[in-house]
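Coordinate analysis (summary)
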Amino acid sequence: MKLVTVAGPPSCGKTSVIARTCGHLAQAGLACAVIKFDCLQSRDGELYKAAGVPVSVVFSGGLCPDHFFATNLEEAFAWAESTGADCCVIETAGLCNRCSPHLRGVLGVCVIDNLMGIDAPEKIGPMLRMADLVVVTKGDLVSQAEREVYRYRIRQMNKRAVIRNVNGLTGQGCLDLAAILKEAPAVEGVTEMKLRFSMPAAVCSYCLSETRIGSRYQKGNVKKAHFGARHDG
Amino acid sequence: MTGENAILSLRSMTLTAGRDKSGRPEAQGVDFRAGEVTALLGPTGAGKSRFLSDIESLAAADTPTGRTLLLDGAAPTPDERFALQGRLVAQLTQNMNFVLDMKVMDFLRTHALSREAQDPDAVARQVFEAANELAGEPFGPDVQLTQLSGGQSRALMIADTALLSWSPVLLIDEIENAGVDKRRALELLVKSDKIVVMATHDPVLALSAHRRLVIRHGAVQAVLARTDEEQAVLARLRQMEEEISGYRTKLRAGEALA
């Protein structure tokens, strides 16, 4: 089964783009199944169902979404296999921007939109830097010059990725995207695979539901920041 | 990145027939030749912007109209299509305002860099000055893009398209709504070796073009060339426009009309 990871900030158009692309893949004889890793809530399941794509939506709730993703990947892959899909697409809700869900040996896609601000490509971090394919949406809402400047900033962050402009609403560009996904490598399973970027370490008292502020409540892996020299005034 | 900015030459372009809004086949496709200005006419919502967008996106039967764009007679391969993204077409849309959080000069310099201009600072300055000549109200180099007025934004976009975004195809969507001098804007934009396609409701602009495409219900209905009679009408309209513009200038300056 082929495997693709898709990440991107909230409301950038990931689900629309993937659902349409899966439609093109289905027409080409390649059935997809989607697993959506989200944090709190999502109506994306309905969107995929409406597009006729088998989908499973799971929520991290109180857990670090990145850890939740990594610890559930084998089961997610197995579920996609059980649907008889040829291509498993894993959509994450951008996680927390500290991480990247992309795996070595698996096609990694990052979706961002043209309205996010000129420093967004920098802020999005490893999920953009580590991607093989960067999909840029909402280009119809900005000028051509802005699209070009934005693309340039993406290129500065990621020198090797393929960059494509796609319109999630009209589906323009999704056929192209399907052609790329069709070339995604097939994998036997995800066990023993490696993430392209390490997860954040934690396990402190707040991980264990501590809510009080104060040094005396902080146990475990605690990092103290340096806030610069005392302000003279 | 090498190659992404190579200058591209194009002799002809064809948009094949697609489907109208009811899914019925379009009667005819359209051929475009370099050096030719084509006006797109039709009521609002008829499908002019969609026609332009089919060209801009190098449609490959994957847009709602089902049209395909051919370059010099052939459909680009997926790889060529990708390589051409953002290079084939320079376009001026109806989007009047910028959304990026950058200062004018930083933006122009970055755009020049992205186009691999030889002297980014010089090109940026050139665009900035041309934009200020077009805009009614001048603006400074350190203004945020988002703070420009509609007319200023549009003037900046026009100058940027004309002087920085060299592409063989130029698409213009209703430049008469830009709040800038449309004739000066067109002079800046229309270079003889480009394919120019312009959606417009303006009679002077429509008649200035070499030919007119009439769009209805999402499809091309007719392709018309300017007749000798229309040539005479155009001259008369231009005269009327000059007269109106003279009154406008006087009124703006607070003068009474005699």
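Now for a description of the structure that goes with this document. (Residues numbered from 1 in each chain as written. Chains lettered and ligands numbered in written order. Predicted model: local features only at pLDDT ≥ 70, side-chain atom pairs only at ≥ 80, totals over all residues. Heavy atoms only, no water.)

Counting residues at the interface gives 29 residues for chain A, matched by 32 residues for chain B. Between chain A and chain B lies a buried interface of about 2600 Å² when both sides are counted; carbon and sulfur atoms form 52% of it. At the boundary of chain A with chain B, the tally comes to 3 salt bridges. Here Asp176(A) and Arg81(B) are joined by a salt bridge, their closest N and O atoms 3.2 Å apart. Joining chain A to chain B, the criterion identifies 11 residue pairs in polar contact (both at pLDDT 80 or more). Looking at the side of chain A that touches chain B, the elements that each hand over two or more residues are helix H7 (144–157), strand S7 (162–165) and helix H8 (174–181) of chain A. The greatest single-element share of the side of chain A that touches chain B, amounting to 11 residues, is contributed by H7(A). Its residues placed into classes, the side of chain A that touches chain B shows 11 nonpolar, 9 polar and 9 charged. (Contact = heavy atoms within 4.5 Å. Buried area = accessible area lost by both parts, 1.4 Å probe. Salt bridge = Lys/Arg side-chain N within 4 Å of Asp/Glu carboxyl O. Polar contact = N/O pair within 3.5 Å; in protein donor to acceptor, adjacent residues only side chain to side chain. Helix = DSSP H or I, 4+ residues; strand = E, 2+ residues; numbered from the N terminus. Nonpolar A, V, L, I, M, F, W, Y, C, P; charged D, E, K, R; others polar.)

A separate point is the nonpolar core. Within the largest apolar cluster, 59 residues are counted, with the highest numbers of intra-cluster contacts made by Val134(A), Phe107(B), Leu108(B), Leu145(B) and Leu156(B). Ranked by the residues each element gives to this core, the list is headed by helix H4 (residues 120–134) of chain B, at 7 residues. Residues contacting Leu145(B), with those up to four places away along its chain left out, are Phe98(B), Leu100(B), Met102(B), Val104(B), Phe107(B), Ser153(B) and Leu156(B). Leu30(A), Val53(A), Cys174(A) and Leu181(A) belong to the second-largest nonpolar core, a separate cluster that totals 28 residues. (Core = buried A, V, L, I, M, F, W, Y, C linked by side-chain atoms within 4.5 Å. Buried < 20%, exposed > 50% of the residue type's maximum accessible area, 1.4 Å probe, protein only.)

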